[in-house]
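One letter stands for each residue in the lines below.
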Amino acid sequence: MARIQTPVLDIAYEASGPAEGLPVLLLHGFPYDVRAFDAAARIVNAAGFRTIVPWLRGYGGTRFLSAGTPRSGEQAALGQDLKELLDALGIQKAVLGGYDWGGRAACVVSALWPERVAGLVSCAGYTIQDIPNSRKPADPEQEARFWYQYYFNTERGRNGLTEKRREIARLLWKMWSPTWAFDDATFDRTASSFDNEDFVDVAIHSYRHRYGNAAGDPRYAPVEARLAAQPKINVPTINLHGTVNGIAPVRASESDAKRFTASYQRRVLENVGHNPPQEAPQAFAEAILQLCQAAPA
C-alpha cells in the first residue's frame, strides 16, 4: 500500500504494473473497496499497463488531513478527490474505470476535465446525479430498491450503519448481485475497510446530500453547480451493465448514449450484478484494455 497527500486527504492506494505503462485509475463504490479490482488489475498489468486503485474518502487507510474538514460524500467531492489524486501523482492523462460511487467520480472527471481522461469504463452508464430534480419520484419498484438510501436519511439509519455496517453491507451485496456466490473470506477482506472512522459520516452525507437533505461542502459548490447542468461526457466510453444489477436495472442505461459525445459502446453482461469488476473481471479488464490500446501514444 502506498500513500499520497492531496489538498484535503491522505489517500491510501495500491499501484501495480509497469511504471512506464499508461496509468489506469480504478474506483470502487459503496459498500466495497479496492479488493473488487484484484483480478481485473492483474489482467491489465499483464498487458503492460499500470493500475492505481485508491480507497475512497471514508474507506480503508484513506484519512482526512484536518479534523475540521466536512466529511462530505457528495458527488463533487468524490470527483474532485479523483482529479486531485491525478494531480498529486503527476498523471496528465489516464483511463478511468469504476462502479457505484467510484464510477460516478470517474464520470464527473470525464465530464468536467476530459483532457485528463484517455477513456472511461462506467458501470451502469451515466451516473452523475441530477440533484436539482432529486425530489421527483421514480416508479415504485425503483423506490423500493432505494430503501437503504431512505433509511440513511434518518437517525435510525445512521445508528444502523454505525452498529451494523457489516450486516448492511453483506445484505446489499446479496441484493445487488444475486448470482454472485462470494464467500465469507471475500467479504471479510473488504469489510475491514468499513472500520475507517469517517465511513459512517461520509456515507450518511452522501445519501442525504443527493436528495437535498444535507448541505454540501462549500469547497465543492462550483463543481456541484457544473454538475447540475448534467454535462455530457466527451471521452471514449464503454458502459458495462449487468443484467441482474439489483439497484440499477439494465434498462436504466438503455438511453444513455445521448449523454456521451465521443465513441460509446454499451455491453450487457449476462448474470452479472452491481459489481462487474469482481463478478466478471475478464469482461471488465477487456473493456479497460480496449481503451488503453486505442489511446494515443
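Here the structure is a predicted model, which is why all the values come from computation and not from measurement.

### Some points on helix H6 (residues 155-163)
Right, on to step 1. Regarding H6, the residues found buried are Gly157, Gly160 and Leu161. Projected onto a plane normal to the axis of H6, the buried residues spread over an arc of 95° and lie on a single side. In H6, the exposed positions angled more than 90 degrees off the buried face are occupied by Arg156 and Glu163.
Right, on to step 2. Where H6 is buried, its residues contact helix H5 (147-152), helix H7 (165-176) and helix H9 (199-209).

### Some points on the side chain of Gln149
Right, on to step 1. By secondary structure assignment, the location of Gln149 is in helix H5.
Right, on to step 2. Residue classification places Gln149 among the buried positions, given a relative accessible area of 4%.
Right, on to step 3. Polar side-chain contacts of Gln149 include one of 2.8 Å to the side chain of Tyr148.
Right, on to step 4. In this structure the side chain of Gln149 is engaged in a polar contact, spanning 2.5 Å, whose partner is the side chain of Tyr211.
Right, on to step 5. The residues contacting Gln149, other than those within four sequence positions of it, are Tyr207, Arg210 and Tyr211.

### Quick notes on the pairing of strand E3 (residues 23-27)
Right, on to step 1. With respect to burial, E3 is a largely interior element, five of its five residues being buried.
Right, on to step 2. Burial along E3 is two-sided: the residues Pro23, Leu25 and Leu27 and Val24 and Leu26 are all buried.
Right, on to step 3. Handedness of the β-α-β unit built from E3, helix H1 (residues 38-46) and strand E4 (residues 50-54) comes out right-handed.
Right, on to step 4. In terms of strand pairing, E3 meets strand E6 (residues 94-98) through four bridges, oriented parallel. Paired with Leu26 across the bridge in E6 is Gly97.

### Description of unusual backbone geometry
Among all residues save glycine, negative phi is the norm, and among peptide bonds the norm is trans.
Right, on to step 1. A cis amide bond, omega -10°, links Phe30 with the succeeding residue Pro31.
Right, on to step 2. By secondary structure assignment, the location of Pro31 is in the loop between E3 and H1.
Right, on to step 3. Located in the positive-phi region is Gln230, a residue other than glycine, with phi close to 50°.
Right, on to step 4. Looking at the element boundaries, Gln230 is found in the loop between helix H10 (221-227) and strand E8 (237-242).
Right, on to step 5. A positive phi angle is found at Asn271, which is not glycine, with a value near 60°.
Right, on to step 6. For Asn271, a relative accessible area of 52% puts it in the exposed group.

### Quick word on the pairing of E8
Right, on to step 1. Burial analysis of E8 places six of its six residues in the buried class, the great majority of the element.
Right, on to step 2. Here strand E7 (residues 117-123) pairs with E8 via four bridges, running parallel. By the bridge assignment, Val121 is partnered in E8 with Ile238.
Right, on to step 3. Pairing between E8 and strand E9 (residues 264-269): six bridges, direction parallel. Note that in E9 the partner of Leu240 across the bridge is Arg267.

### Focus: the environment of Tyr32
Right, on to step 1. Position of Tyr32 among the secondary structure elements: in the loop between E3 and H1.
Right, on to step 2. It is 22 Å that separates the C-alpha atoms of Tyr32 and Ala94, two residues lying 62 residues apart in sequence.
Right, on to step 3. Setting aside chain neighbours within four positions, we find Tyr32 in contact with Tyr59, Tyr99, Trp173, Trp176, Trp180, Thr190, Phe194, His274 and Asn275.

### A look at the packing of H1 against helix H12 (residues 281-294)
Right, on to step 1. Their axes nearest at 8 Å, the elements H1 and H12 cross at an angle of 40°. Judged on the interaxial angle alone, H12 and H1 are oblique. Crossing handedness for the pair H1 and H12: right-handed. The segment H1 lies against H12, with Ala39, Ala40, Ile43 and Val44 engaging Pro281, Gln282, Phe284, Ala285, Ile288 and Leu289.
Right, on to step 2. Of the residues in the contact of H1 with H12, the class split is nine nonpolar, one polar and no charged.

### Concerning the environment of Asn153
Right, on to step 1. Within the fold, Asn153 resides in the loop between H5 and H6.
Right, on to step 2. Overall, the relative accessible area of 21% leaves Asn153 in the partly exposed class.
Right, on to step 3. Along the backbone, Asn153 and Asp139 are 14 residues apart, and their C-alpha atoms lie at a distance of 20 Å.
Right, on to step 4. Not counting the four nearest positions on each side in its chain, Asn153 is found in contact with Tyr207, Arg208, Tyr211 and Asn213.

Calculation criteria
- Throughout this document, residue positions are counted from 1 along each chain, in the order its sequence is written.
- A pLDDT threshold of at least 70 governs which residues receive local features in this predicted model, and a stricter bar of 80 or more applies before side-chain atom pairs are shown or counted, although totals over entire chains, interfaces and linings include all residues.
- With hydrogens and water set aside, each side-chain value is computed from the structure's full complement of heavy atoms.
- Between buried and exposed lies partly exposed: a residue is buried under 20% and exposed over 50% of the maximum accessible area for its type, with that area taken using a 1.4 Å probe on protein chains only.
- A run of H or I in DSSP counts as a helix once it spans at least four residues, and a run of E counts as a strand once it spans at least two, with each numbered from the N terminus.
- Along the arc lie the directions from the helix axis toward the C-beta atoms.
- Contacts between residues were defined by any pair of non-hydrogen atoms, one from each residue, lying within 4.5 Å.
- For the purposes of these results, a polar contact is taken to be a pair of N or O atoms within 3.5 Å, where, inside protein, one atom must be able to donate a hydrogen and its partner to accept one; residues adjacent in sequence count only when each atom of the pair is a side-chain atom.
- Crossovers are described as right-handed under a simple rule: with the strands pointing away from the observer, the path leading from the first strand over the helix to the second runs clockwise.
- Strands are labelled as partners when DSSP assigns at least two bridges between them.
- Between N-to-C directions, angles span 0 to 180 degrees; the directions come from axes that are lines fitted to C-alpha atoms, helices contributing only their stretch in contact.
- Any angle that is under 35 degrees is reported as roughly parallel, and any over 145 degrees as roughly antiparallel; angles of 65 to 115 degrees are reported as roughly perpendicular and all others as oblique.
- The crossing is said to be left-handed when, going from far helix to near helix, the turn is anticlockwise and less than a right angle, and right-handed when the turn is clockwise.
- The nonpolar class holds Ala, Val, Leu, Ile, Met, Phe, Trp, Tyr, Cys and Pro. Asp, Glu, Lys and Arg form the charged class, and all remaining residues, Gly among them, are polar.

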